[in-house]
Amino acid sequence: MSKLYIDIGGTYLRSELLEKGKVHKEKILSHRVSLNEYLEKRLKRYPDITLIGISFAGQVDHGKILSAPNITVEKADIKRYIEKKYGVVLKIDNDLNCALLAEKQHTEEKNMALLYIGTGMGSAVLEQGNVVRGERNLAYEIGHVPFKKAPFKCGCGKDNCLELFSSGSGLEKWYAYYGLPPMTIEELKCSGDKHAKKIYKNFLEGILRASATIVTLSNPKVLILGGGIIISNPFLKEKVEKKIRKYALSSNLEGLDIALSQFKNASMEGAKLL
Ligand SMILES: [Zn+2]
């Protein structure tokens, strides 16, 4: 009996195949893959797979993929299709909801919010121990809350989303727009270029607004900051701690803890808990 866990992020697809006490790990670029083909290849190669857990950077509801910004999906009703054809159990949820499951197990907090900034910007909220899902599992799409007008469009079709200013994919769009080379956050922060200064200012303000909006709307005990960009730039947590007061309702800040995610890959760990 083998288990296959997959984390499909904005940039990479990572998988862990647990087979007879051994773990086979793989990392490939998400946009080079078709999800159906990937799954079917593995299922044919390892016919003793009984369980597949997937953390998916995109919208998912009851095993159906509603939007797939980073990977080709031929059969949106992925759970039903794979389970019926191969007789396995397939569980899939949004990557932030998966990360929330891992953080929940780690902290044992009942009221918690996550803000992850990596390729995209995402959030998830735990209320009284339950993941807040909404009608179609689309609650807390913080990255698509309006912020400022940009001269290009977001993957969702709008041109004013927070994600356009405060995410890895958003920053890349700004660098291309101003003809700047790709920069790390540290390089952006220290750059003397006037466009780079503006990009950095908006990037920071977007993170503050996103953090404050989540805290004001969901009233968590802990706000956990994670995702590739935050983990590699922990000073961003200090910025949030210092400046969130300017943007959030002050009563919601009382007793609030702001913490950095302790996971290397919380979404993958959460896929194992689905
Ligand atoms: Zn958007």
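Residues numbered from 1 in each chain as written. Predicted model: local features only at pLDDT ≥ 70, side-chain atom pairs only at ≥ 80, totals over all residues. Heavy atoms only, no water.

> Got a minute to help me understand the packing of aromatic side chains in this structure?
Two numbers describe a pair of aromatic rings. These are the distance of the centres and the angle of the planes. Taken as a whole, this structure holds eight aromatic pairs when the rule is applied. Relative to Phe165, the ring of Phe147 lies with its centre 5.1 Å away and its plane at 85°, an arrangement referred to as edge-to-face. Here Phe147, found in the loop between strand 10 (130-131) and helix 4 (168-178), pairs with Phe165, found in the loop between strand 10 and helix 4; they are 18 residues apart in sequence, far enough to count as distant. Taking NZ or CZ as reference, Lys27 lies 4.3 Å from the ring centre of Tyr12, over its face. (Phe/Tyr/Trp six-rings, centres within 6.5 Å; stacked < 30°, edge-to-face > 60°. Helix = DSSP H or I, 4+ residues; strand = E, 2+ residues; numbered from the N terminus. Lys NZ or Arg CZ within 6 Å of the ring centre and 35° of its normal.)

> Whenever I open this one, the sheet that holds strand 11 (residues 222-226) confuses me. Can you help?
One key point about sheets: their strands pair by backbone hydrogen bonds, in either a parallel or an antiparallel sense. The strand order across the open sheet built from five strands is 10-9-8-11-12, with neighbouring strands paired in mixed fashion. At either margin of the open sheet sits one strand with a lone partner, and together these are strand 10 and strand 12 (257-260). Note that strand 8 (residues 112-117) and strand 11 share five bridges and pair parallel. Each residue of the ladder has a partner; that of Leu114, found in strand 11, is Ile224. Across the sheet, helix 6 (residues 194-218) lies against strand 8, strand 9 (121-127) and strand 11, angled at about 160° from strand 8, the strand it touches most. In the packing of helix 8 (residues 235-243) onto the sheet, contacts are made with strand 11 and strand 12, and the angle to strand 12 comes to roughly 170°. (Pairing = 2+ DSSP bridges. Contact = heavy atoms within 4.5 Å. Axes fitted to C-alpha atoms, helices over the stretch in contact; angles between N-to-C directions.)

> For this particular structure, what's the right way to read the coordination of the zinc ion?
Six octahedrally arranged donors around a metal ideally form angles of 90 or 180 degrees; four tetrahedrally arranged donors ideally form angles of 109.5 degrees. The zinc ion binds to the protein through His144 (ND1), Cys154 (SG), Cys156 (SG) and Cys161 (SG), with metal-donor distances spanning 2.0 to 2.3 Å. Its four donor atoms give the zinc ion angles of 101 to 119° at the centre, a pattern that matches the tetrahedral case. We note that the donor set of the zinc ion lies within a single chain, spaced as H-x9-C-x1-C-x4-C. (Donors = N, O, S within 2.8 Å, 3.2 Å for Na, K, Ca; no water. Tetrahedral: all angles 85-135°; square planar, octahedral: opposite > 155°, others 65-115°.)

> Is there a simple way to think about the packing of helix 1 (residues 35-45) against helix 2 (residues 78-86) in this case?
Working note: a packed helix pair is described by the angle between its axes plus the distance between those axes. In contact at an axis separation of 12 Å, helix 1 and helix 2 are set at 25° when each is read in the N-to-C sense. Classified by the angle their axes make, helix 1 and helix 2 are roughly parallel. Crossing handedness for the pair helix 1 and helix 2: right-handed. Residues Leu35, Asn36, Leu39, Glu40, Leu43 and Lys44 of helix 1 pack against Ile78, Tyr81, Ile82, Lys85 and Tyr86 of helix 2. Looking at the contact of helix 1 with helix 2, its residues break down into seven nonpolar, one polar and three charged. (Parallel < 35°, antiparallel > 145°, perpendicular 65-115°, else oblique. Left-handed = near helix turned anticlockwise from the far one by under 90°. Nonpolar A, V, L, I, M, F, W, Y, C, P; charged D, E, K, R; others polar.)

> In this structure, what is going on with the pattern of salt bridges? I would like to understand it.
Once their charged atoms are close, side chains differing in charge can pair, the charge on each being opposite to the other. In this structure the tally under the stated criterion is 13 salt bridges. One salt bridge in this structure joins Asp77 and Arg80, with 3.5 Å as the shortest N-O distance. Judged by its relative accessible area of 24%, Asp77 is partly exposed. By relative accessible area, Arg80 is classed as exposed at 61%. Taking the shortest distance from any N to any O, the salt bridge between Lys148 and Glu205 comes out at 3.7 Å. One end of the pair, Lys148, is in the loop between strand 10 and helix 4; the other, Glu205, is in helix 6, and 57 residues separate them in sequence. When its relative accessible area of 14% is taken as the criterion, Glu205 is described as buried. Put simply, Glu16, Glu269 and Lys272 are held in one network by salt bridges that share partners. (Salt bridge = Lys/Arg side-chain N within 4 Å of Asp/Glu carboxyl O. Buried < 20%, exposed > 50% of the residue type's maximum accessible area, 1.4 Å probe, protein only.)

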